[in-house]
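Single-letter residue listing:
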Amino acid sequence: MSGAPLSRTVDLAGPEATDALARLMEPLLRPGDVLLLDGSVGAGKSHFARALIRARHGAETEVPSPTFTLVQTYGAEGDEIWHSDLYRLSQPDEIVELGLEDAFTTAITLVEWPDRLGSLTPEGALTLAFRPTREGESRSVTLTGNAGWAARLQPLLETLP
């Protein structure tokens with residue numbers, strides 16, 4: 001795909017801003033999209049994932065952390081979201097056992113701790129790198145992706161400060 005790749009940092013003043021970003025992104029996502037949620041513990045990865053899943057599948061959807069289950073799925077085939085937390089994995093081959101490789105092509109896949117993917121990291125994934133910016137709940141997120149992501153997210157990015 002031609003065009004410039006995406007690299008944009010957005011300031012998120014608090015949880016409400018993180019929720020708003022997830023709600024704005026949700027309608028732009030489709031099966032086969034992989035979002036790599038990077039950042040330290042408490043940076044906002046799970047908060048963003050929860051907000052995106054609820055935007056897609058209803059505000060009352062229970063969204064537990066997949067820290068111990070490793071993967072949680074939401075929705076039906078063709079409209080699934082897979083939310084994974086790979087923090088406890090030590091080998092990339094454990095990802096194959098979880099079925100994530102298939103989800104990368106059939107579902108919207110949210111991956112916390114994406115560094116654990118190693119060589120299994122999907123080439124066309126969008127990275128959202130969450131970073132605390134000061135005390136409290138303020139943070140920034142840097143979105144990095146290929147030119148396809150840049151084109152798809154352009155209308156959303158034009159609405160953000």
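Residues numbered from 1 in each chain as written. Predicted model: local features only at pLDDT ≥ 70, side-chain atom pairs only at ≥ 80, totals over all residues. Heavy atoms only, no water.

- Per an unreviewed UniProt entry, the protein goes by the name tRNA threonylcarbamoyladenosine biosynthesis protein TsaE and belongs to Haematobacter genomosp. 1.
- The annotation that UniProt attaches to the protein under Sequence similarities (unreviewed entry) is "Belongs to the TsaE family."
- The UniProt entry for the protein carries the following text under Subcellular location (unreviewed entry): "Cytoplasm". (UniProt positions renumbered as here; feature names shortened; annotations may be inferred.)

### Thoughts on the environment of V71
- Topologically, V71 is positioned in strand β3 (residues 71-74).
- In the structure, V71 is positioned 16 residues away from A55 in sequence and 19 Å away in space, judged by C-alpha atoms.
- When near neighbours in sequence (up to four residues on either side) are disregarded, V71 contacts P66, W82, H83, S84, L98 and L100. (Helix = DSSP H or I, 4+ residues; strand = E, 2+ residues; numbered from the N terminus. Contact = heavy atoms within 4.5 Å.)

### Regarding the packing of helix α1 (residues 15-25) against helix α5 (residues 147-159)
- Between α1 and α5, the least distance of the axes is 10 Å, while the angle of their chain directions is 145 degrees. The hand of the α1/α5 crossing is right-handed. Here L21, L24 and M25 of α1 come into contact with α5, specifically with L153, L156 and T159.
- Looking at the contact of α1 with α5 residue by residue, the class counts come to 5 nonpolar, 1 polar and no charged. (Axes fitted to C-alpha atoms, helices over the stretch in contact; angles between N-to-C directions. Left-handed = near helix turned anticlockwise from the far one by under 90°. Nonpolar A, V, L, I, M, F, W, Y, C, P; charged D, E, K, R; others polar.)

### Focus on unusual backbone geometry
- Look at L70: it is not a glycine, yet its phi comes out positive at around 75 degrees.
- You can see L70 is positioned in the loop between α2 (45-57) and β3.
- One non-glycine residue, W113, adopts positive backbone phi at about 60 degrees.
- In this structure, W113 sits in the loop between β5 (108-112) and β6 (126-132).
- Take W113: its relative accessible area is 15%, and that puts it in the buried class. (Buried < 20%, exposed > 50% of the residue type's maximum accessible area, 1.4 Å probe, protein only.)

### Looking at α2
- The terminal C-alpha atoms of α2, which comprises 13 residues, lie 18 Å apart, in line with the 18 Å expected from a rise of 1.5 Å per residue.
- All of the buried residues in α2 are K45, S46, F48, A49, A51, L52 and I53.
- Buried-residue contacts for α2 involve α1, β2 (34-38), β3, β4 (81-85), β5 and β6.
- Just downstream of α2 lies G58, where phi reads positive at about 110 degrees. (Expected span 1.5 Å × (residues − 1).)

### Quick look at the sheet that holds β6
- A sheet is described by the order of its strands in space; here 7 strands give the open sequence β1-β7-β6-β2-β5-β4-β3, paired in mixed fashion. Either end of the sheet is taken by a strand with one partner, and the two such strands are β1 (6-12) and β3. On average, adjacent strands in this sheet sit at an angle of 15 degrees to one another, irrespective of strand direction.
- Pairing of β2 with β5, which is carried by 4 bridges, proceeds in the parallel orientation. Looking across to β5, one finds that L35 is bridged to L110.
- Sheet strands in contact with α5 are β1, β2, β6 and β7 (139-145), and its direction is about 35 degrees off that of β1. (Pairing = 2+ DSSP bridges.)

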